[in-house]
Structures are given as C-alpha cells and as structure tokens.
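# Fold and contact review
Spelled out from the first residue to the last, the chains are:
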Amino acid sequence: MTPLDRAPDRTPVPAGTGLTLEDATVDATPGTPGPLPEVHTTRAAFRAALAVRVRAAAVNGITAPTVGLVPTMGALHGGHAALVRQARAENDIVIASVFVNPLQFGDPADLEHYPRTLEEDREILGAAGCELVFAPDVEEMYPGYPDAPIVTVSAGRMGEVLEGASRPGHFDGVCTVVAKLWNITAPPAPARLRSYFGQKDAQQLAVLRRLQADLDIAVEIRPVPLVRSPEGLALSSRNTRLSPESLEAALVLHRALAGLREDADAGRPLGLEAARALVEAEPLARLDYLEIVDHATLEPLTAEQLDAPLEQEALALVAAAFEPVRLIDNVVLPVP
Ligand SMILES: Nc1ncnc2c1ncn2[C@@H]1O[C@H](COP(=O)(O)OP(=O)(O)OP(=O)(O)O)[C@@H](O)[C@H]1O
Ligand SMILES: CC(C)(CO)[C@@H](O)C(=O)[O-]
Ligand code: BAL
C-alpha cells in the first residue's frame, strides 16, 4: 500500500473531470539539498536502473511499488519542485525526465533559446526527493530525427484550439513524447506508474487525460496545483527571459483571472470582456486569447452560460506575448 492509497482525501481524479485544486502558495525555493539523483541518458540504462529500484522495494517488503514520474523540459523552478514533492509524498519511487522535445516547438527560436540547465536541475530534483532522472538527447529519443518519428500521436480537436491554434502541432508533439515517456518508464509489473502534471499547463493536462483514457495507457495521471510568485505571476521557465518591466506588466494576467474568479465565487455573470480589456490596456502585453471553457472538453462556454451562475466547474485560460516570450496562465472557476 502506498502513501496515496492510504490517504482518503487523495483519491485519484477520474479521467475527464476538472480539477478542484486551488493555486498553491508560493514556495519557489528549491529546498534543502538532497542526494543528487542518478542520471541516465539512454532508454536501456534508465530501464535497468528503475528495475533495480523496483527489486529493492520488493526486498524491503513493498511488492507492488508505485513509481511517480515527473516529465519536464528542464530549467526547473519552484513549480516543478512542487510536482516532485507531491510525487515523493505519494509514491515509493520518484523519477523525472528532462528532455526539450523538438516535436512540440513550432518556433525554431523558441526551441533554440529554451534554457538548458541540467546540473542545476539535478540539485532541484534531488532536494525535492527525486531519485532517478532520464535525460536523453534527441537522437536517443527519436532515432533518425528529423526523418523520424514517422508514426506520431494526434491530440485531435483538443489540440487545435487555444494554445493549439497559436502553436499548430504542439499538442501532437506533447502527446507523442509523453506516450513514449510513459512506455520507457513503465515499471515491471506489479509496480504501477503515476505521472504528475502541473495545472499551469491546463490544456496540456486536459489533453493528456484524454490520451491516457482514449488509448487505455496504464498510467494514473496526477494533477498538481499551479504555483505562483508572491506577486501572483505563474512560475515558468520562460519568465527568466522577461525584462523587469515585462515581469511587472505580466502580473496583469493574474489580475484579469482573479477578477473572473471573484465573479464565479459570487455567482455573478462572468466579466469576460472586462478581463480581456484589462489585458489589452497593458501596453507591454499583446493578448492572444482569454477564454472560458469547459474543464474537460475545452469547449467555450456559451453567452448564456457566462451570464448565469456556473452549473459546472469551468476554466479561464489566457495567453499573451510580453516580448520576447509568450506566457500562459489560467484559473479554475468553481460552481458558487
Ligand atoms: N508554476 C507552475 N505550477 C505548477 N506546475 C508547473 C508550473 N510550471 C510548470 N509546471 C509543470 O511542470 C511540468 C513541466 O513543465 P515545463 O518543463 O514545460 O515548465 P514550464 O516552466 O511550464 O516551461 P514553460 O513555461 O517554459 O513551458 C508541466 O507539467 C508543467 O505544467
Ligand atoms: C509534458 C512535457 C514534459 C512534454 O515535453 C512538456 O510539455 C512540459 O514540460 O510541460
Ligand atoms: N509547458 C509546456 C511546454 C511548452 O511550452 O512547450
């Protein structure tokens, strides 16, 4: 029995339902140094190292250990540390992947400038309780790249809206790499895999729930609340590329979402236009979208649904450019 199985308030969220988790209070500090996790760059070496840990658990009387996987693209911060800490609290073995996945980048400059900081990442992962890291290069992950992979996973219509409309192919790339990561890190039975994703990437979480359910993949998805800076900015690896002025300006995203959250809490009509106008009034922001959608399907709420108290939980999602980066944020809108 794992810590998660024992905790009655931690029953798995069924696939397709929304999150009810509040944003997390900020703890952007990496924590006290822990043992540095073992890093493997090949699939074979990683699988062998995981099998050793599963056997060691059995020797210690844990015959069906759970493995908590935290997929990341590196450049880790307090948001990622929260994922690892939650995985540590709920599982017998905690592993992470660090891989900047070229399939999910449309913009070559975004891929080129994506920060790569494996040594610092290792320290953050160790401090948060991760013991094993899979950090392949592109050739290991996609032998023959860019002529491979030939067969990929499609996110379907959920991958064409919101982020997907601005980043065509992005969610197909995410689904393809995550399906591979789940296959590579699947522990030998009777051990079980759980995979941790942040609410910060709310559309990604919704798409990956469908990937798991629609393809019957043997993994349990565990959501983790969004972690913000003390000022309210959603922590993101891309924040490091913002000027001090843009950092300040970017707080408008949280202000706009907080207004919608207040409307929802009070059972008032949701002030979607006012929230959009707030972001548009910020000179350093270029609004891409601000939408209110169904939590599980990502379908936009109708005008009637926006005007009446919510009957089911919704999600307000925003994306805006603060040159040279594009930021996303979201808030869960609860039933009043
Ligand atoms: N502020 C945050 N709060 C909660 N989870 C987060 C936060 N930031 C990232 N995550 C989660 O960490 C995982 C890895 O994300 P990723 O490596 O893309 O980091 P990131 O900071 O979101 O990067 P970027 O914003 O540049 O895309 C994802 O599941 C993501 O949702
Ligand atoms: C899930 C993920 C690691 C896949 O590359 C990435 O999209 C991310 O970091 O959110
Ligand atoms: N956190 C989502 C990964 C990306 O922006 O590509």
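Residues numbered from 1 in each chain as written. Chains lettered and ligands numbered in written order. Predicted model: local features only at pLDDT ≥ 70, side-chain atom pairs only at ≥ 80, totals over all residues. Heavy atoms only, no water.

## Observations regarding the overall build of the protein
The test is simple: Going along the chain from the N terminus, every DSSP run of H or I of four or more residues is numbered as a helix, and every run of E of two or more is numbered as a strand. Note that the radius of gyration is over C-alpha atoms, with the globule rule given as 2.2 Å times the number of residues to the power 0.38. Burial classification: accessible surface area is computed with a 1.4 Å probe over protein chains only, and a residue below 20% of its type maximum counts as buried, one above 50% as exposed, and the rest as partly exposed. Should any heavy atoms of two residues lie within 4.5 Å, those residues are considered in contact. Per-residue accessibility takes into account occlusion by the displayed protein chains alone, with areas from the Shrake-Rupley method and a 1.4 Å probe. Charge assignment in this entry is limited to Lys and Arg as positive and Asp and Glu as negative, and neither His nor the chain termini are counted. By convention, the point assigned to a charge is CZ for Arg, NZ for Lys, CD for Glu and CG for Asp.
Within the protein, the regular secondary structure consists of 13 helices and nine strands. A compact globule built from 336 residues would reach a C-alpha radius of gyration of about 20 Å, and the protein, at 20 Å, matches this within 12%. Dimensions of the protein, computed from the C-alpha atoms along their principal axes, are close to 60 × 45 × 40 Å. Across the 336 residues that make up the protein, the buried fraction comes to 53%. Sequence-distant contacts, at least 24 apart, represent 76% of the contacts inside the protein between residues at least 6 apart. When the accessible surface of the protein is summed, it comes to about 15100 Å², and 56% of that surface belongs to carbon and sulfur atoms. Taken as two groups, the 28 positive and 46 negative side-chain charges of the protein have centres that lie 6 Å from each other.

## Focus: the nonpolar core
As a reminder of what qualifies: Definition used in this section: a nonpolar core is a set of buried Ala, Val, Leu, Ile, Met, Phe, Trp, Tyr and Cys residues joined via side-chain atoms within 4.5 Å. Source of the domain bounds: an automatic or database domain assignment.
Grouped together as the largest cluster of nonpolar side chains are 44 residues, with contacts concentrated most on I95, M141, V178, W182 and L208. Residues from two domains meet in this core; each of domain 1 (3-224) and domain 2 (241-333) gives at least three. Ignoring anything within four residues of it in the chain, the contact list for V178 reads F197, L208 and L211. Ranked by size, the runner-up nonpolar core spans 30 residues in total, among them L242, L272, V318 and V331.

## Some thoughts on the site of ligand 2
Test applied: Throughout, near means a residue has at least one heavy atom within 4 Å of the molecule or strand. Under this definition, polar contacts are N or O atom pairs within 3.5 Å; protein pairs additionally need one hydrogen-donor-capable and one acceptor-capable atom, and for neighbouring residues in sequence, both atoms have to be side-chain atoms. Amino acids outside the nonpolar list (Ala, Val, Leu, Ile, Met, Phe, Trp, Tyr, Cys, Pro) and the charged list (Asp, Glu, Lys, Arg) are all regarded as polar, and Gly is one of them.
For ligand 2, the full set of nearby residues is P71, T72, M73, N101, Q104, V174, V177, V178, F197 and Q204. The contact in question runs from an oxygen atom of ligand 2 to an N or O atom on the side chain of Q204, over 2.7 Å. With the chains in place, 89% of the 280 Å² that ligand 2 exposes on its own is no longer accessible. Tallying contributions element by element places helix 8 (residues 170-185) first for the shell around ligand 2, with three residues. Tallied by class, residues from the shell around ligand 2 come to six nonpolar, four polar and no charged.

## Some details on the site of ligand 1
Near ligand 1, the surroundings consist of 20 residues, among which K200, D201, S236, S237 and R238 are the closest. The contact in question runs from an oxygen atom of ligand 1 to an N or O atom on the side chain of K200, over 2.6 Å. A distance of 2.8 Å separates a nitrogen atom of ligand 1 from a polar atom in the backbone of V227. Going through the elements one at a time, strand 2 (66-72), helix 3 (78-90) and strand 5 (192-198) are the ones with two or more residues in the shell around ligand 1. When residues in the shell around ligand 1 are grouped by element, the largest group, three residues, is from helix 3. The residue makeup of the shell around ligand 1, split by class, is nine nonpolar, eight polar and three charged.

## Overview of the domain arrangement of the protein
Note the cut-off: Buried area is calculated as the accessible area (1.4 Å probe) missing from two parts once they are joined, with the contributions of both summed. The salt bridge criterion pairs a side-chain nitrogen of Lys or Arg with a carboxyl oxygen of Asp or Glu, the two atoms within 4 Å.
As far as domains go, the protein holds domain 1 (3-224) and domain 2 (241-333). Once you take the C-alpha centre of each, domain 1 and domain 2 turn out to be 26 Å apart. Listed as interface residues are 21 residues of domain 1 and, on the opposing side, 19 residues of domain 2. Overall, the association of domain 1 and domain 2 removes approximately 1600 Å² of surface from exposure, summing both partners, and the carbon and sulfur fraction of that is 52%. The largest share of the area that domain 1 buries against domain 2 comes from L162, E163 and K200, three residues that together contribute 29% of it. Between R326 and E163 there is a salt bridge, and its shortest N-O distance comes to 2.8 Å.

## A closer look at the pairing of strand 5
Rule in force here: Two strands are said to pair when DSSP picks up at least two bridges between them. Crossovers are marked right-handed if the path from the first strand over the helix to the second runs clockwise, as seen with the strands pointing away from the viewer.
The element strand 5 is largely enclosed, with a buried count of six among its seven residues. Direction of pairing for strand 2 relative to strand 5: parallel, over a ladder of four bridges. The residue of strand 5 that forms the bridge with T66 is R192. Relative to strand 6 (residues 220-224), strand 5 is paired through five bridges, and the arrangement is parallel. Bridging from a neighbouring strand, G198 pairs with V224 of strand 6. Taken together, strand 5, helix 9 (residues 202-214) and strand 6 form a β-α-β motif whose crossover is right-handed.

## Quick word on the packing of aromatic side chains
Quick note on the threshold: Aromatic pairing here means that ring centres of Phe, Tyr or Trp (its six-membered ring) are within 6.5 Å. Orientation follows from the plane angle: under 30 degrees is stacked, over 60 is edge-to-face, and everything else is tilted.
Counting across every chain of the model gives five aromatic pairs. Their ring planes at 35° and their centres at 6.1 Å tell us that Y142 and Y145 sit as a pair that is tilted. The class of Y142 is buried, set by a relative accessible area of 2%. The class of Y145 is partly exposed, set by a relative accessible area of 31%. Among the aromatic residues, ring-to-ring pairing joins F99, Y142 and Y145 into one connected group.

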